[in-house]
Amino acid sequence: MKAENEQRTGLLYGIGAYGMWGLVPLFWPLLKPSDAVEILAHRMVWSVVVLGVILLALRRWSWIRTLVRQPRKLALTSLAAALITVNWGVYIWAVNNGQVVEASLGYFINPLVTIGMGVLVLGERLRPAQWTAVGIGAAAVLVLAIGYGRPPWISLVLACSFATYGLIKKKINMGGVESLAAETAILFLPALGYLLWLSGRDELTFGSEGAGHAALLAATGLVTALPLICFGAAAIRVPLSTLGLLQYLAPVFQFALGVLYFHEAMPPERWAGFGLVWVALALLTWDALRAARRARSPLEPLEPLPAGPAVAAPREPSQSA
């Protein structure tokens, strides 16, 4: 009974985490007239403050000494910080420039890109269903490129940056709060320097647009940290496969907001492209669940599994956005 309650609580935390990541497109437009770069800089600065308070409350500081003493790990963390900067910056720009649907596509195709990188970079072996899903995903990108009249570059940048970010995080092997705190700490001085530069040019919107606007910019730290806290609470209570399925909530919410709330255009060719992506994800999910069932059954022969999970592992806290 206690285990069931724990799983139910974990499920609620997981829904809360991915739900917040999915609804975050409603937040970024509130920060106008700040542009995407200023918003990103504030997110870096205020995230350090919020995550620092969390780590202080948890008394988890020993990882800092370990990180500083390992130059390779510190270099990988710096690379992860650069990638999450690109991911966050492009996402904020996309939302505030009427491209929520294309941004959501980036997180739909992220599992497919992650699997492709596993093959190319890690030499992982895929099952036939996974190859089929990747092929359908590639066809979807082609259809969408024809529909948009250009490659869906926002989606591709978001998916590739986050897939590479995930690969590096796998090598770093740090907790979610600690790793994000390290990444934002590395970016703190450049972000703060940029804000001071804007202030010197009288272009900083923080303080010049009223107390409410300043409070919203400061809240970017909470917007970053709260889903992460819920994600961490979910990760210790529910199976990884459950979190892998829950991760699709975020792009589903983002897509729905783009179409229903922001009223972005969805001509037939875009529906066709998204439809192919959803078919690929359904096939990938079915294959992952089948593999998990076989792994639990000692009587059935196992197919060779790739080194990485068949359903993309739950995102680290950039997650979406």
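In what follows, the accompanying structure is described. No experiment lies behind these values; they were computed from the predicted model shown.

A closer look at a nonpolar patch on the surface
At step 1: The grouping of Leu23, Leu26, Val252, Phe253 and Tyr261 at the surface amounts to a nonpolar patch, some 430 Å² of accessible area in total.
At step 2: In terms of residue count, the dominant contributor to the nonpolar patch is helix 12 (residues 249–261) (three residues).
At step 3: Structurally, the position occupied by Leu26 is in the loop between helix 1 (2–23) and helix 2 (36–58).

Let's talk about the packing of aromatic side chains
At step 1: Scanning the model with the defined rule gives 18 aromatic pairs in all.
At step 2: Where Phe255 meets Trp271, the ring centres are 5.6 Å apart and the plane angle is 80°; that geometry is what we call edge-to-face. With a gap of 16 residues between them, Phe255 in helix 12 and Trp271 in helix 13 (residues 268–296) connect regions that are remote in the sequence.
At step 3: Three or more aromatic residues joined by ring pairs form one cluster here, namely Phe108, Phe255, Trp271, Phe274 and Trp278.
At step 4: Between the NZ or CZ atom of Arg43 and the centre of the ring of Trp88, over which it lies, the distance is 3.8 Å.

Remarks on unusual backbone geometry
At step 1: A cis amide bond links Lys32 to the next residue, Pro33, at an omega of 15°.
At step 2: Along the chain, Pro33 turns up in the loop between helix 1 and helix 2.
At step 3: We note that Arg59 has phi near 60°; this positive angle belongs to a residue other than glycine.
At step 4: Relative to the assigned elements, Arg59 resides in the loop between helix 2 and helix 3 (62–68).
At step 5: Relative accessible area serves as the criterion here: at 75%, Arg59 is assigned to the exposed category.
At step 6: Although it is not a glycine, His263 adopts a positive phi angle of roughly 55°.
At step 7: Position of His263 among the secondary structure elements: in the loop between helix 12 and helix 13.

Reading the values: the criteria
Residues numbered from 1 in each chain as written. Predicted model: local features only at pLDDT ≥ 70, side-chain atom pairs only at ≥ 80, totals over all residues. Heavy atoms only, no water. Patch = residues over 30% accessible without salt bridge, like charges linked within 9 Å, V, L, I, M, F, W, Y side chains within 5 Å. Areas by Shrake-Rupley, 256 points an atom, 1.4 Å probe, with all protein chains shown as cover. Salt bridge = Lys/Arg side-chain N within 4 Å of Asp/Glu carboxyl O. Helix = DSSP H or I, 4+ residues; strand = E, 2+ residues; numbered from the N terminus. Phe/Tyr/Trp six-rings, centres within 6.5 Å; stacked < 30°, edge-to-face > 60°. Lys NZ or Arg CZ within 6 Å of the ring centre and 35° of its normal. Buried < 20%, exposed > 50% of the residue type's maximum accessible area, 1.4 Å probe, protein only.

In short, geometric facts, not functional conclusions.
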